[in-house]
Every structure is written in structure tokens, then in C-alpha cells.
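Residue strings, one per chain:
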Amino acid sequence: MSSASSPPASPAPFPIGAIRLCRGQAVAVVGDDIDTDRIIPARFLKCVSFEGLAIGAFADDRAELAGDHPFDHPEHQGATILVVNRNFGCGSSREHAPQALMRWGIRALIGESYSEIFFGNCLAMGIPCLTAGHDDVLALQQAITADRAAELVLDLEALQVSLLGSPVAAGERSWPFSLAQGPHRMLVSGQWDGTGQLVAHDAELRRTAARLPYLSGFGSAAS
Amino acid sequence: MSAGTLYDKVWELHRVAELPGGATQLFIGLHLIHEVTSPQAFSALRDLGLGVRHPERTVATVDHIVPTTSQARPFADPLAEEMLVTLERNCAEHGITLHGLGSGSQGIVHVIAPELGLTQPGMTVACGDSHTSTHGAFGAIAFGIGTSQVRDVLASQSLAMNKLKVRRIRVQGVLQSGVSAKDLILHIIRVLGVKGGVGYAYEFAGETIEALSMEERMTLCNMAIEGGARCGYVNPDATTFAYLQGRPQAPVGEAWARAVDWWRSLASGPEAVFDDEVLFDASGIAPTVTWGITPGQGIGVDETVPIAEQLHPDERPIAEEAYRYMDLQPGVPIAGVPVDVCFIGSCTNGRLSDLRAAAAVAKGRQVAPGIKAFVVPGSEQVAAEAEAEGLDAVFRAAGFEWREPGCSMCLAMNPDRLEGRQISASSSNRNFKGRQGSASGRTLLMSPAMVAAAAVAGHVVDVRELLTAPTAAGAVRPAVMDIPG
């Protein structure tokens, strides 16, 4: 069997515009220091397009666990929120890692901490990486594992995650999360896709370039 | 908050604008691209109807996917060929210089940019590769980016960035003979952890750092990212300038003098304020080897695999995972662990001085039976220089394969990879599960000299024992060593 070949049938649309609320089923991938080689092994990087990368998401871990990886549990098919621990996405800068997760269906992450490059890659794709305390993340992961049908609601304006239990589970629980001010503003305002802003500042770019002596060969042209 | 550091000065100089989201738009002085993380960026550029803002500040090479046995085109792997064709087409279309195969200047992106003199102090350097931190060795602020950011740099020669804090890592004392910059950085990561640097730029300073060559500084900064620091740097000094002078892209004449003045002015001054400072003593560091599945799981070659109870509680789960994956039991000495494959190369340790250090160990010895050992120069220039001084012959005579330049088995996006449960002694930078191309393959990170020592011993061994021991009878040794006294 190929355990790494079951992306959800009809994934949610890719992020666009303001990201204020993420709601959906959650899946927990437990462990600190999960690097991007594990999120997507290098052989899947042999491509000139990100399309089709869903198949590579955790491919080796999933093959090793032969169907017992959370991404292969039937109840988690269609999950859109990934709950992780510390230093998630460390190692290689490959954007193929968050692209694979997004194409598998993930639209938001919540966890204890992220590598900076991974965080930045996700931000540039409109995927929030939210930070919660150690105990809160463990509680969330336990809750998801105990009730795989449960839904999470990530409210980026209230900075709060709520667990909506399935009918058998009791009530609703919620925890606070944090997100640095810059990325927070970019996501809730819909300004996370910033190429246009950068290009628009061409006059400022020229001013900056003018004060960098190496751009003019340290005056060699003038001398 | 840091002030007056090189990082602060370079950041201020390259600041373009403050963005509505709160990030800073930062000018990128040098943009390096390669075949793996750029094709989607060029596609996105096309979709947006944008061109390349500063094609003359963007430089390309091909490294990750190239075979190291035969580099004849087309490559046997059609996917690899398609990636290179795509890079060639994108560079031609946008007027970007490509240091291609056979040009004499192709190689691993973090090896060629310094050797061409492209990387200079005071620059901001970005590349879609996490080991871009390497260029910090010159006193540049250099960091890895993802493909969306590659698109942004192509379109605008700038990036939306948030400023990092600055931690000074001050190292004093003399490294013992047989102990290299690789051992130093593995030791630093062992102590500070793989997440210790998240949110920081690392400034490496102190007498030990000042005594390092440029190639050693590159090894050090290369692995800052393995400690979680997106960039690491060394203040530019006479060593930096001596390395740069005469390089093809370095300034000349009066411009050189002006450049040196400017570069000097950027170094962190005595008044500089750091967010944090850590002190290391280099004199007690042993050759260091990783036993686990993160670069932070390193120990001295004279130590034993740590017992979970000796570790911080946070480190125990990944240690338990590492015992299982590596099939190494806590308490066993790392010296003596048998290896199958020995790899010398990569952006961490594929430069001329690395090959010299390994060749000094290999010379007059033989690779142990059953061991596959190979040497992959970091660039065509490194290969040419090594061949000119006969290092290729030394390696071949000792039973090593001498290959063509590329990233090779560091990440196995090319035919070089581990098979099954093979265990490698590797001069590369990552020992993650599956990193070297087999889902169950295992990696022991160490210095190039230690890899050469493992190759001749057939197992992990303290290279210092070989450096003091006589080589096999009949071995050719440098004449200078035969002079008594």
C-alpha cells in the first residue's frame, strides 16, 4: 500500500485576502524539531511546480508507520488545522514543505514554536503559524486525539482557539494563542501577499541603493 | 535591544521602507539562485506580469541536482534535466548570469559566490537555501528564504523582514590540533541547542574566531542555521580583506581602498550592545561527532552516547527517538561505531582547506575494506586547485572516489545517496532522518579529517590518533616532515 497517496478529495481553496478565522478539523503531529526533510523528503523537490506536492507530505514517516501516521487516519482526512510542538519546520528553507502541507489541506498551524524560515514561508502563503503555551498545546493535542471529529476555531482577532466538541464530548474549551504583531497585522488585513507593496516602493528602493557604495563599485566608475 | 553591531548597521543601511504590516522592506545586495527553489518563483513572476528588477544583482548556478559521476547532458534523470533546462531558460530570458556546468565557475552556490568575490562585507545576501548563512563569514547579513521570497527579491530586489535580536558568541582559547571549525560549531550547537538561535542573528567573535581562516569562518557561519539562527556572521578584518583582494568581483585600485574603509566601519565597535552574550572556551573541545538525528546531538569523539536521564527533560523524547532510529544504545562509546559510507564535501566542508585536511589523513593509508568513500569538491575551482596540488591523486591512491562538484550526498537530490540502513560518516550539515536519501539511512556528522579517519579505520575514530601515528610503510610523506628536529 502507498500510505502517502491520500490527499483529501476536495481541499479547501487556497488562502486569499484577510485571514481572520480558521475553522476545521485538526490533526496533531507530535514531536519537537520536526524538520522540513521530514515534512517533505528531498526527492519530492525534483519538480518545477508546487502542484502535486501533497503526496510528499510526511511521506517517509507515513511509509514507516504503514497507515498509522495521523495524516493517514481516516478521521483526519479533510483536516485543515495542524497542531505541532516546538521548533516545527527547522532545517531546509524549502517552501515545498508548507506547500505540501497546504496542498494536503492544512490552512493554519498552532504549536509551541516554529523555525523562522518556515514561519516566513507560511506567512507568504497566507497560512498562520500561531503560538500557544506548552501546556495548552499538549491539552489541545490530547483533546484532538481523544475526539478526532472535534473542530477547532482559530479566531485571529480574539487570539483564541476554541475546541468545538462532537455531540458526545462535553461543551467547548478554549485557549489563548499569540502571533507577533507584524504577521498578525499582515494576515488580518490581507496584506500578507506583499509583492505588490515591495514593487510599489521603487523610489524608496532607489534612495536606499544610492547610499550603498558597493552598488557603484565603490566609486570605480567615477574615478 | 542591540545597537551598534554590524547587524544593526547593515540593517539600517539597507532599510527601504516600513511596511503596513509592521515588517521592514530590506534591500538585498546579492541574490543567489539555483535550480531547486527558483522555478516556481519565476513562474509566479510571470503570472504577476513582473520582470527581474536587478538582474545584475542576481547570480545563478546549478548544484543540488547535478550528478557527481558524469555531468554529461542530458542528465540520466529527466526530472533533474528539466530543472536545469528551466533554470537556463529563466536566466537567459531575464539576463541573469548562470555559472553552468563546465564554465570553470560552477559549484555549490555557497562555495562559488565567495570564491568569485561576489560575497562582500556589509552586503545583504539572500538565497533560497537555508545555508545562505555561510556568507556571514564576510560580515554580510545573509539568510535563507523560501520560494515566495525568491519571487519577491526577483521582482523588487527587496524583502519584507523582521529584525532579529543579536547574540554575541565569544570564543576564546586555541583549538587543539585535529580540532576544526566544524567541531567548534557542532560543539556550540550541542550547548545552545538546535532552537537556541531562533529569533537571533549570531555574531561569532573573540580571539579564536579572529584566528580562523575565511574557509573556517564559512564552515562556522554555514551551520548557524542548524542552531536555529537564520544568520551568523563574523566581523570583517584583515583576514577577510586578504581573502577578497584579487577575486574576480572584488573592487580594485582606489575603489579597493575605499571599500576596505567602508567595510571596516561596519564592524561591531567596542560600544556595541548585544541582546545576549555567550562565552565559549575552545581549548577543551574535542573532535565532535553527532550520534542522533539533529545536529545538536553531538558529543566529543572520546565520549559515550548520552543516557536519557543525563539530558534535559525536553531533550529526552527526541533522544529516545534517536536511539531507536540510529540503533545506538545509550552509554556506548561513539568511537568504534562502524560506518558504511564516507562522504567528504558539501557547502559546509567542500572547500580546498577541507580537502587538504582530509587528504593529510588519507595520505599513505587505505580505505578500509567494504567502505564506500568519496570526495566531492565544492566547485569546479576547488576541483581544479585540488587537482593542481595532487589531492585527487592522494585520495584515489587511498581508495577514495574523486567526483565532480555538486551538493551530492548532503541531501540526496542526485544519484548519491545512502541505501537501506547504511550509516555514513559525513562532512555535511544535517543528520535528519532520511536526509541522505534513504528513509532509514543514518548520518554521523563530523569534520572532513574525521570522515577520512573513519574511512581508513572503518569506524568512528579520533583523528588525533592518526595524525600522530606513522602511516603505512612506503607511504610518501611531505619532505619537510622527514627533516629531523
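The structure presented is a predicted model; accordingly, all values stated were derived computationally and were not measured.

Calculation criteria
- Residues numbered from 1 in each chain as written.
- Chains lettered and ligands numbered in written order.
- Predicted model: local features only at pLDDT ≥ 70, side-chain atom pairs only at ≥ 80, totals over all residues.
- Helix = DSSP H or I, 4+ residues; strand = E, 2+ residues; numbered from the N terminus.
- Rg over C-alpha atoms; globule rule 2.2 N^0.38 Å.
- Buried ≥ 20, exposed ≤ 12 C-beta atoms within 10 Å, placed from the backbone.
- Contact = placed C-beta atoms within 7 Å.
- Pairing = 2+ DSSP bridges.
- Nonpolar A, V, L, I, M, F, W, Y, C, P; charged D, E, K, R; others polar.
- pLDDT = per-residue confidence, 0-100.
- Axes fitted to C-alpha atoms, helices over the stretch in contact; angles between N-to-C directions.
- Parallel < 35°, antiparallel > 145°, perpendicular 65-115°, else oblique.
- Left-handed = near helix turned anticlockwise from the far one by under 90°.

1. Topic: the overall build of chain B
Working step 1: Each helix and strand counted, chain B has 17 helices and 19 strands in total.
Working step 2: A compact globule built from 485 residues should have a C-alpha radius of gyration of about 23 Å, and chain B, at 22 Å, falls within 12% of that.
Working step 3: A principal-axis box enclosing the C-alpha atoms of chain B has dimensions of 65 × 55 × 50 Å.
Working step 4: Across the 485 residues of chain B, 61% fall into the buried class.
Working step 5: A separation threshold of at least 6 residues defines the contact pool for chain B, and within that pool the share at least 24 residues apart is 77%.

2. As for the pairing of strand 18 (residues 423-426) of chain B
Residue and element names in this part refer to chain B.
Working step 1: Residues Ile423 and Ala425 of strand 18 are buried on one face, and the alternating residues Ser424 and Ser426, pointing to the opposite face, are buried as well.
Working step 2: Examined bridge by bridge, strand 15 (residues 341-344) and strand 18 share three bridges and lie parallel to one another. Each bridged residue has a counterpart across the sheet, and for Phe343 the counterpart in strand 18 is Ser426.
Working step 3: Across four bridges, strand 18 lies against strand 19 (residues 442-445) in parallel orientation. Its bridge partner lying in strand 19, Ala425 is registered against Leu444.

3. Considerations on the interface of chain B and chain A
Working step 1: The interface of chain B with chain A comprises 69 residues on the first partner and 57 residues on the second.
Working step 2: Among the elements that make up the side of chain B that touches chain A, the one with the highest residue count is helix 5 (residues 147-156) of chain B (seven residues).
Working step 3: Its residues assigned to classes, the side of chain B that touches chain A shows 32 nonpolar, 25 polar and 12 charged.

4. Let's talk about helix 5 of chain B
All names here are of chain B.
Working step 1: Of all 10 residues making up helix 5, 10 are buried, and the element is well covered by its neighbours.
Working step 2: Among the residues making up helix 5, those that are buried are Thr147, Ser148, Gln149, Val150, Arg151, Asp152, Val153, Leu154, Ala155 and Ser156.
Working step 3: Among the residues trailing helix 5, Gln157 stands out with phi positive, at a value near 55°.

5. Description of unusual backbone geometry
Working step 1: For the bond running from Arg73(B) to Pro74(B), omega is -10°, close enough to zero to count as cis.
Working step 2: Its location among the elements puts Pro74(B) in the loop between strand 4 (58-61) and helix 3 (78-94).
Working step 3: With phi around 50°, Leu159(A) is a residue other than glycine that occupies positive phi space.
Working step 4: Residue class for Leu159(A) comes out partly exposed when judged on the 14 C-beta atoms lying within 10 Å of it.
Working step 5: At Ser346(B), a position not held by glycine, the phi torsion is positive, near 90°.
Working step 6: Here Ser346(B) shows up in helix 12 (residues 346-349).
Working step 7: Residue classification places Ser346(B) among the buried residues on the basis of 29 C-beta atoms within 10 Å.

6. Focus on the confidence of the model for chain A
The predicted coordinates should not be examined in detail at positions where pLDDT is low.
Working step 1: Chain-level statistics for chain A give a pLDDT mean of 91 and a share of 91% at 70 or above.
Working step 2: In the model, residues 1-9 of chain A has pLDDT below 50 throughout and makes 22 contacts with residues more than four positions away in sequence or in other chains.

7. Quick look at the packing of helix 2 (residues 39-48) of chain B against helix 5 of chain B
All names here are of chain B.
Working step 1: Close contact between helix 2 and helix 5 brings their axes to 8 Å; oriented N to C, the two are set at 55°. Here helix 2 is positioned oblique relative to helix 5, judged by the angle of their axes. Relative to helix 5, the crossing made by helix 2 is right-handed. Here Gln40, Ala41, Ala44 and Leu45 of helix 2 come into contact with helix 5, specifically with Thr147, Val150, Arg151, Leu154 and Ala155.
Working step 2: For the contact of helix 2 with helix 5, the residue count by class is six nonpolar, two polar and one charged.

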